[in-house]
Amino acid sequence: MKDKAVNFSFIVPALVIFTLFWIYPFFYTFILAFQENDLISAPKFIGLSNFRLVFTSGDWWSSMYNGGFITLWALTFQNILALTLALAVDRVIRLRKFYKVVFFILPVLSEIIIGLLMKQFLVSEPVGRDVFNHLLNSVGLGFLAHDWLGTAHVRMITAIVHCWKGFGWAFIIFLAGLQSIPEQLYEAARIDGAGAWHCFTKITMPLLMPVVTLVVVLTILGTMQAFAMILALTGGAGGLTTVPVMVIYDHLRHNIAGLAAAEGLVLGVILVAVSFTMFFISKKIREKYGVLPG
Amino acid sequence: MIKLSFSGKGMFFAAFLAAVLSGCAPSSKTKENKIVIWHWMVDRQSAFTELAKEYESQTGTKVEFKLFFPPDIYSQKVIAAARANTLPDIFGILGEKKMSASFIKSGHILNMTPYMEAKGGKWKNRFNPQALKVNVFSDNNPYGVPGGIYGVPIDTTVLNFVYNRELFKKAGLDPDNPPRTLDEFISDAGIVKDKLGVDGFVCGWGEGWLLNALATEWAINLMGEDKFLKTIKGGVSYTDKDWVKVFSFFSRLKDSGILASGIATMTNKEAEDAFSKNKAVFSFNGTWAVNVYAQLNPGLDYAFFPLPKVSDKFPVKIWGGAGSSFMVNSGSSQKDKAVAFLKWLTAEKQQIFLIDKTRNLPAIKGCSGHLPGVLKAATETFGSLTHPDVWPQNEDSQVIEVINRGLQQIIMGIKKPAEAAEDIQKTKERVSRK
């Protein structure tokens with residue numbers, strides 16, 4: 001009995017911290033979502049009103065659309081770029097470590113720094129340095145230069161900056177997945193006369209499927225919860241780049257904590273549902289093509 | 001390997017818990033002869049510290065100004081402290097009047113009325129009425145707060161247009177004759193842009209609230225304060241032709257080409273930096289900018305001017321009133337000392353000191369002789385100030401958010417004024433139903 005108590009005492013500090021800063025806030029969010037609560041006055045139970053407000057709010061769904069738009073770019077452009085670079089680095093022996101470091105620098109940098117830096121690049125005088133437009137002019141594409149963050153293009157620009165910042169994560173995960181595929185499989189295939197395309201479609205992609213699923217799920221979770229970089233880059237830009245977490249943050253800033261909590265829960269449920277759906281689809285694909293579960 | 005006995009580990013854990021929980025100890029319950037003040041005014045910290053030293057030498061009461069920055073973080077800290085009952089002796093509230101009302105109803109703010117009105121209202125009469133007004137809750141106010149004065153203003157802020165006199169001269173315009181109407185404003189900005197290649201107008205419109213303030217000023221000038229307030233109460237639709245006209249002023253600004261590139265995502269800090277470096281001829285900013293411009297470019301030749309009118313039918317009202325106010329924690333054991341300190345802080349000598357050090361408009365009357373020339377013009381608008389905190393009812397924050405966003409979309413050319421008006425009205429109706 002004493003031994004058990006001694007052993008338990010080792011995990012008590014972690015348990016206390018975890019309970020105070022994770023478990024309690026998690027359950028408190030549920031309570032808040034059913035209250036009208038400005039965090040100062042006595043809270044009032046209002047049932048499902050906050051959820052009704054979330055589901056009928058055009059602003060909320062518009063932010064979900066913006067988040068979805070950026071996520072779509074991240075799922076396609078960002079992940080294809082990451083996979084392409086991972087395949088290239090996996091094959092290139094020389095300078096492999098150098099490329100790994102270079103591609104991984106961006107995700108390591110602060111989101112705020114990236115946002116402010118890109119703002120300087122994209123916005124012209126008096127606020128920015130207009131680097132991107134100068135670059136276009138210098139290569140004879142001056143006709144493409146314009147106010148990148150001041151027009152409806154701002155949503156696409158934000159998506160591209162997000163992908164540029166985030167592809168390093170996917171790159172590292174893809175590279176790790178590629179390096180776990182046994183080389184003998186490729187050697188055997190080549191002996192049987194398989195070309196590069198066949199090796200890629202019949203060996204690389206099926207065996208990489210668990211990693212692809214992981215990257216897809218992490219991309220969805222990460223992008224739908226993007227916040228700091230977008231805040232620093234555009235601040236919302238007339239709602240065109242207002243993403244769900246920005247809406248939640250804004251409601252918290254105005255002390256509408258109940259509504260913010262309900263929005264957080266709705267977003268959480270949607271993301272969990274999407275993640276499980278992705279894992280389910282991935283499992284079905286692997287079963288269909290006879291690949292063992294990863 | 002060091003072996004700890006079970007009781008040793010227990011003591012270690014108890015010490016750990018004590019260390020964690022000690023951070024939750026109420027800070028205002030100290031019996032020490034010391035007042036603690038929380039604020040967010042980074043530009044005033046050194047001036048406050050000097051005043052605190054002076055006060056200690058005069059009275060023996062130690063005053064500690066604790067700065068928390070940026071303002072968002074400060075706001076969250078104050079709210080968390082209110083919940084934990086650890087508010088300092090004196091603090092400020094950043095936010096709408098609704099939030100001040102919540103603090104008052106929860107018993108966190110001392111009613112200053114008896115102190116202000118003592119000795120025939122000697123302290124109260126010291127203040128600019130507009131500066132004090134934002135801290136006043138009238139009887140039967142919609143917030144359900146007992147009528148009274150709940151805060152002490154320490155300065156006054158006015159949101160006005162500013163113009164660069166040097167650029168005016170270079171462009172051949174009269175530097176003593178700023179534009180008086182929106183047409184003149186657009187024309188002058190266009191002339192400077194054409195002749196000097198300098199942007200016509202910069203402003204921190206990425207932050208939204210400056211857009212909202214300007215829209216409010218133009219709305220009151222166009223439709224009168226009564227109709228404006230009626231809109232907030234729900235009696236007038238945002239799709240009303242006057243409101244669409246207000247929103248169309250922003251599309252006129254966009255179409256005229258005088259707006260700086262990226263203005264819809266520009267922060268106020270960026271706009272201040274651009275204006276102070278002669279990169280734009282006009283801006284719209286608060287009087288706090290005098291200190292900012294002085295720090296960024298001491299030689300900047302500029303002046304404030306009132307809102308370029310859009311109508312002669314109704315008088316111009318300028319967004320302004322108390323810039324920053326301090327509240328006394330009603331649960332503080334030092335509340336009498338806190339009140340005494342605020343009385344001292346708002347005396348003429350200390351207010352003049354703050355003018356010299358921070359270039360802000362004072363909260364009290366009778367200091368105009370000490371104001372920098374550029375601020376004197378701003379005092380002329382004192383008689384026509386307005387602010388959400390003095391209106392009988394405030395617009396819902398979600399509606400304000402949609403107004404700001406709609407205006408940003410108009411200046412980005414994404415929405416037409418009538419479309420933005422419809423979005424705003426829809427949100428207004430949805431929020432009203434709630």
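Everything discussed here concerns the structure shown above.
The shown structure was predicted, so the numbers you read here are calculated from the model rather than taken from an experiment.

## Description of the overall build of chain B
Counting its regular elements, chain B contains 17 helices and 14 strands. Here the C-alpha atoms of chain B give a radius of gyration of 24 Å, agreeing with the 22 Å that 2.2 N^0.38 yields for 434 residues. A principal-axis box enclosing the C-alpha atoms of chain B has dimensions of 80 × 60 × 50 Å. By the burial criterion, 56% of the 434 residues in chain B qualify as buried. Across chain B, contacts joining residues at least 24 apart in sequence account for 75% of those joining residues at least 6 apart. Working note: accessible area of chain B is about 17900 Å², and carbon and sulfur atoms make up 54% of it. Of the side chains in chain B, 54 bear a positive and 44 a negative charge, and the two mean positions are spaced by 6 Å.

## A few points about the overall build of chain A
If you tally the helices and strands in chain A, you get 12 helices and two strands. Counted from the first residue to the last, chain A has its helices and strands arranged as α-β-β-α-α-α-α-α-α-α-α-α-α-α. Along the first, second and third principal axes, the C-alpha set of chain A runs to 75 × 70 × 40 Å. Expressed as a percentage of the 294 residues in chain A, the buried residues total 43%. Surface accessibility of chain A: about 15700 Å² in total, with carbon and sulfur atoms responsible for 73%. Taken together, the 20 basic and 15 acidic charged side chains of chain A have centroids lying 8 Å from each other.

## Let's talk about the interface of chain B and chain A
With 38 residues of chain B at the contact, the number on the chain A side is 45 residues. The junction of chain B with chain A conceals about 3500 Å² of combined surface from both sides, 58% of it contributed by carbon and sulfur atoms. On inspection of chain B and its partner chain A, the count reaches five salt bridges. For the side of chain B that touches chain A, the elements supplying multiple residues, two or more each, are helix 1 (6–22), helix 3 (71–84), helix 4 (97–105), strand 8 (199–202), helix 11 (268–276) and helix 16 (397–411) of chain B. Among the elements that take part in the side of chain B that touches chain A, helix 16 of chain B stands out by supplying seven residues, more than any other. Of the residues belonging to the side of chain B that touches chain A, the class tally is 14 nonpolar, 13 polar and 11 charged.

## Regarding unusual backbone geometry
Most peptide bonds take the trans configuration, and most residues that are not glycine carry a negative phi. A cis geometry characterises the amide bond from A:Glu125 onward to A:Pro126, with omega recorded as 10°. With respect to the helices and strands, the residue A:Pro126 is situated in the loop between helix 5 (111–122) and helix 6 (131–138). That bond from B:Phe69 to B:Pro70 is cis: its omega, 5°, falls within 30 degrees of zero. Mapped onto the fold, B:Pro70 is located in the loop between strand 2 (62–67) and helix 3. Phi at A:Leu39 takes a positive value of approximately 70°, unusual for a residue other than glycine. Its location among the elements puts A:Leu39 in the loop between strand 1 (35–36) and strand 2 (44–45). You will see that B:Asn85, though not glycine, has its phi angle at about 60°, which is positive. Locating B:Asn85 in the fold gives a position in the loop between helix 3 and strand 3 (90–91).

## Brief notes about the pattern of salt bridges
Side-chain pairing between opposite charges can occur once the charged atoms of the two side chains come close. Residues and elements named next belong to chain B. According to the stated counting rule, one finds 27 salt bridges over all chains in the structure shown. With a shortest N-O distance of 2.8 Å, Arg252 and Asp183 are connected by a salt bridge. One end of the pair, Arg252, is in helix 10 (residues 241–256); the other, Asp183, is in helix 8 (residues 182–196), with 69 residues separating them in the sequence. Residue classification places Arg252 among the partly exposed positions, given a relative accessible area of 35%.

## A short note on the sheet that holds strand 12 (residues 325–328) of chain B
For sheets, the rule is that strands pair by backbone hydrogen bonds, running either parallel or antiparallel. Residues and elements named next belong to chain B. Spatial strand order, 2-1-3-12-6: five strands in an open sheet with mixed pairing. Since the sheet does not close on itself, it has two edges, and those belong to strand 2 and strand 6 (152–153), each with one partner. Note: strand 6 against strand 12, two bridges, orientation antiparallel. Counterpart to Val152 in the pairing with strand 12 is Phe326. Most of the contacts of helix 3 go to strand 1 (residues 34–39), to which it runs at about 130°, and overall it touches strand 1 and strand 3.

## Points about the packing of aromatic side chains
Residues and elements named next belong to chain A. In this structure the tally under the stated criterion is 52 aromatic pairs over all chains. Their ring planes at 15° and their centres at 5.7 Å tell us that Phe18 and Trp22 sit as a pair that is stacked. A residue pair is termed a helical-turn pair when its members lie 3 or 4 positions apart in one helix, as Phe18 and Trp22 do in helix 1 (residues 2–33) at four residues. Relative accessible area serves as the criterion here: at 52%, Trp22 is assigned to the exposed category.

## Re a nonpolar patch on the surface
Residues and elements named next belong to chain A. Nonpolar side chains collect at one region of the surface, where Ile17, Phe18, Leu20, Phe21, Trp22, Ile23, Phe26, Phe27 and Phe30 lie side by side and expose about 910 Å² of accessible area between them. Positionally, Phe27 belongs in helix 1. Look at Phe27 and you get partly exposed, because its relative accessible area is 49%.

## A few points about the packing of helix 3 (residues 58–91) of chain A against helix 11 (residues 244–253) of chain A
All names here are of chain A. The contact between helix 3 and helix 11 brings their axes to 7 Å, and the two run at 140°. In terms of axis orientation, helix 3 runs oblique to helix 11. Here Trp60, Ser63, Met64 and Gly67 of helix 3 come into contact with helix 11, specifically with Pro244, Val247 and Ile248. In terms of residue class, the contact of helix 3 with helix 11 is made up of five nonpolar, two polar and no charged.

## Let's talk about the environment of A:Ile105
Relative to the helices and strands, A:Ile105 resides in helix 4 (residues 96–108). Counting along the chain gives 71 residues from A:Ile105 to A:Ala176, while the straight-line C-alpha distance between them is 17 Å.

## Comments concerning the environment of A:Leu53
Inspection of the secondary structure puts A:Leu53 in helix 2 (residues 49–56). Here the alpha-carbon distance between A:Leu53 and A:Gly258, two residues 205 residues apart in the chain, equals 11 Å.

## Remarks on the nonpolar core
In this structure, B:Phe103, B:Trp205 and B:Phe341 are the most contacted members of the largest nonpolar core, which totals 208 residues. Tallying contributions element by element places helix 9 (residues 209–233) of chain B first for this core, with 13 residues. Once residues within four sequence positions are removed from consideration, B:Phe103 is found in contact with A:Ile40, B:Val78, B:Ile79, B:Ala82, B:Leu87, B:Phe91, B:Ile93, B:His108 and B:Ile109.

## Here we look at the pairing of strand 7 (residues 155–164) of chain B
Residues and elements named next belong to chain B. Across the 10 residues that make up strand 7, a large majority, 10, are buried. The alternating pattern of strand 7 places Asp155, Thr157, Leu159, Phe161 and Tyr163 on one face and Thr156, Val158, Asn160, Val162 and Asn164 on the opposite face, and all of these are buried. With two bridges joining them, strand 7 and strand 13 (residues 361–362) adopt antiparallel strand pairing. Residue pairing across strands places Thr156 opposite Leu361, the latter belonging to strand 13.

Cut-offs used in this document
- Residues numbered from 1 in each chain as written.
- Chains lettered and ligands numbered in written order.
- Predicted model: local features only at pLDDT ≥ 70, side-chain atom pairs only at ≥ 80, totals over all residues.
- Heavy atoms only, no water.
- Helix = DSSP H or I, 4+ residues; strand = E, 2+ residues; numbered from the N terminus.
- Rg over C-alpha atoms; globule rule 2.2 N^0.38 Å.
- Buried < 20%, exposed > 50% of the residue type's maximum accessible area, 1.4 Å probe, protein only.
- Contact = heavy atoms within 4.5 Å.
- Areas by Shrake-Rupley, 256 points an atom, 1.4 Å probe, with all protein chains shown as cover.
- Lys, Arg positive; Asp, Glu negative; His and termini not counted.
- Charge placed at Lys NZ, Arg CZ, Asp CG, Glu CD.
- Buried area = accessible area lost by both parts, 1.4 Å probe.
- Salt bridge = Lys/Arg side-chain N within 4 Å of Asp/Glu carboxyl O.
- Nonpolar A, V, L, I, M, F, W, Y, C, P; charged D, E, K, R; others polar.
- Pairing = 2+ DSSP bridges.
- Axes fitted to C-alpha atoms, helices over the stretch in contact; angles between N-to-C directions.
- Phe/Tyr/Trp six-rings, centres within 6.5 Å; stacked < 30°, edge-to-face > 60°.
- Patch = residues over 30% accessible without salt bridge, like charges linked within 9 Å, V, L, I, M, F, W, Y side chains within 5 Å.
- Parallel < 35°, antiparallel > 145°, perpendicular 65-115°, else oblique.
- Core = buried A, V, L, I, M, F, W, Y, C linked by side-chain atoms within 4.5 Å.

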